[in-house]
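# Observations on chain architecture
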Amino acid sequence: PSPPLYERHPDLERLHVPLFEGSDLAALSLPGGHAPEAWSVRYAAYTDVGGRYAVPTVLEAIVADGGAPTVFHCWSGKDRTGLTAAMLLDLLGVDDEDIGADYERSMEWWLPRLDRQELSEDEPVEGYHTVAEVIVLTLGHLREQYGSIEEMLLRSGMRPDLPGRLRNALLV
């Protein structure tokens, strides 16, 4: 389900593209805790359970209307959203340091506005903090496995012309 934050905006056109089903991720043996390495391994695992096949669909939606303003999100706006945004920025040629800074900056706006009612009882607010190192390590894990983010997405069904169309639509 959409987080309540987005349900308050009925004028948005909604396209639901799950990166994975909860049971898919639950079947993996993933590290716990909030250390950057543990988070990066979990994020990289999102691609193993199907996320890498969903990302091209999200990216196609971004360019569908010539790069019209687009919102993409997940429940907290940092995990699946952060991974998708990092892949998009990588395809646009943004360096890892700036991708990490963008990921880290996302919580500066959102965390103070977090409605505690949107969290489950056992979710600590610390799990909502973003640290640049997490997404940079994640991109590194994916590059080790696939050679590049673009290669991973090409192997996952991304059309070869999509990176160019993204650059034409989104870069000045």
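Residues numbered from 1 in each chain as written. Predicted model: local features only at pLDDT ≥ 70, side-chain atom pairs only at ≥ 80, totals over all residues. Heavy atoms only, no water.

## Examining the overall build of the chain
Along the backbone of the chain there are eight helices and zero strands. When the helices and strands of the chain are listed from N to C terminus, the series reads α-α-α-α-α-α-α-α. Sorting the 172 residues of the chain into buried and exposed places 40% on the buried side. For the chain, contacts bridging at least 24 residues in sequence account for 75% of all contacts bridging at least 6. Carbon and sulfur atoms provide 52% of the accessible area of the chain, an area that totals close to 9600 Å². (Helix = DSSP H or I, 4+ residues; strand = E, 2+ residues; numbered from the N terminus. Buried < 20%, exposed > 50% of the residue type's maximum accessible area, 1.4 Å probe, protein only. Contact = heavy atoms within 4.5 Å. Areas by Shrake-Rupley, 256 points an atom, 1.4 Å probe, with all protein chains shown as cover.)

## Considering the packing of aromatic side chains
The description of two aromatic rings rests on the distance between their centres and on the angle between their planes. Throughout the structure, instances matching the rule amount to three aromatic pairs. With 5.5 Å between their ring centres and 45° between their planes, tyrosine 43 and tyrosine 46 make a pair best called tilted. Here tyrosine 43 pairs with tyrosine 46, and both are found in helix H3 (residues 36-64), just three residues apart, close to one helical turn. On the basis of relative accessible area, tyrosine 43 is assigned to the buried category, the value being 0%. (Phe/Tyr/Trp six-rings, centres within 6.5 Å; stacked < 30°, edge-to-face > 60°.)

## A few points about the environment of leucine 92
Tracing the sequence through the fold places leucine 92 in the loop between helix H4 (80-91) and helix H5 (96-110). Separated by 76 residues in sequence, leucine 92 and asparagine 168 have C-alpha atoms that sit 9.6 Å apart. Contacts of leucine 92, omitting those with residues within four sequence positions, involve Leu166, Arg167, Leu170 and Leu171.

## Side note on the environment of leucine 83
Mapping leucine 83 onto the fold places it in helix H4. It is 8.6 Å that separates the C-alpha atoms of leucine 83 and alanine 44, two residues lying 39 residues apart in sequence. Each residue touching leucine 83, except ones within four places of it in the same chain, is listed here: Tyr43, Tyr46, Thr47, Lys78, Ile135, Thr138 and Leu142.

## Description of H3
Between the first and last C-alpha of H3 there are merely 34 Å, a value that for 29 residues lags more than 12% behind the 42 Å anticipated at 1.5 Å per step. The largest bend along H3 reaches roughly 85° and is located at glycine 50. (Expected span 1.5 Å × (residues − 1). Bend = angle between axes of the 7 residues up to and from the residue.)

## Digging into helix H6 (residues 132-146)
Compared with an ideal rise of 1.5 Å per residue, which puts 15 residues at 21 Å, H6 spans 21 Å between its outermost C-alpha atoms and is within 8% of the ideal. Buried residues of H6: Ala132, Val134, Ile135, Thr138, Leu139, Leu142 and Tyr146, and no others. The first or second residue beyond H6 is glycine 147, which carries a positive phi of 100°.

## Here's the deal with the pattern of salt bridges
Enumeration according to the criterion identifies seven salt bridges in this entry. Here arginine 143 makes a salt bridge to aspartate 90, at a shortest N to O gap of 2.6 Å. One end of the pair, arginine 143, is in helix H6; the other, aspartate 90, is in helix H4, with 53 residues separating them in the sequence. Relative accessible area serves as the criterion here: at 19%, aspartate 90 is assigned to the buried category. One continuous salt-bridge network, built from bridges that share partners, spans Glu60, Arg159, Asp161 and Arg165. (Salt bridge = Lys/Arg side-chain N within 4 Å of Asp/Glu carboxyl O.)

## Re the nonpolar core
Counting 33 residues, the largest nonpolar core has Tyr43, Leu59, Met87, Leu142, Leu153 and Leu166 as its most contacted members. Of all the secondary-structure elements, those providing two or more residues to this core are H3, H4, H5, H6, helix H7 (149-155) and helix H8 (162-170). (Core = buried A, V, L, I, M, F, W, Y, C linked by side-chain atoms within 4.5 Å.)

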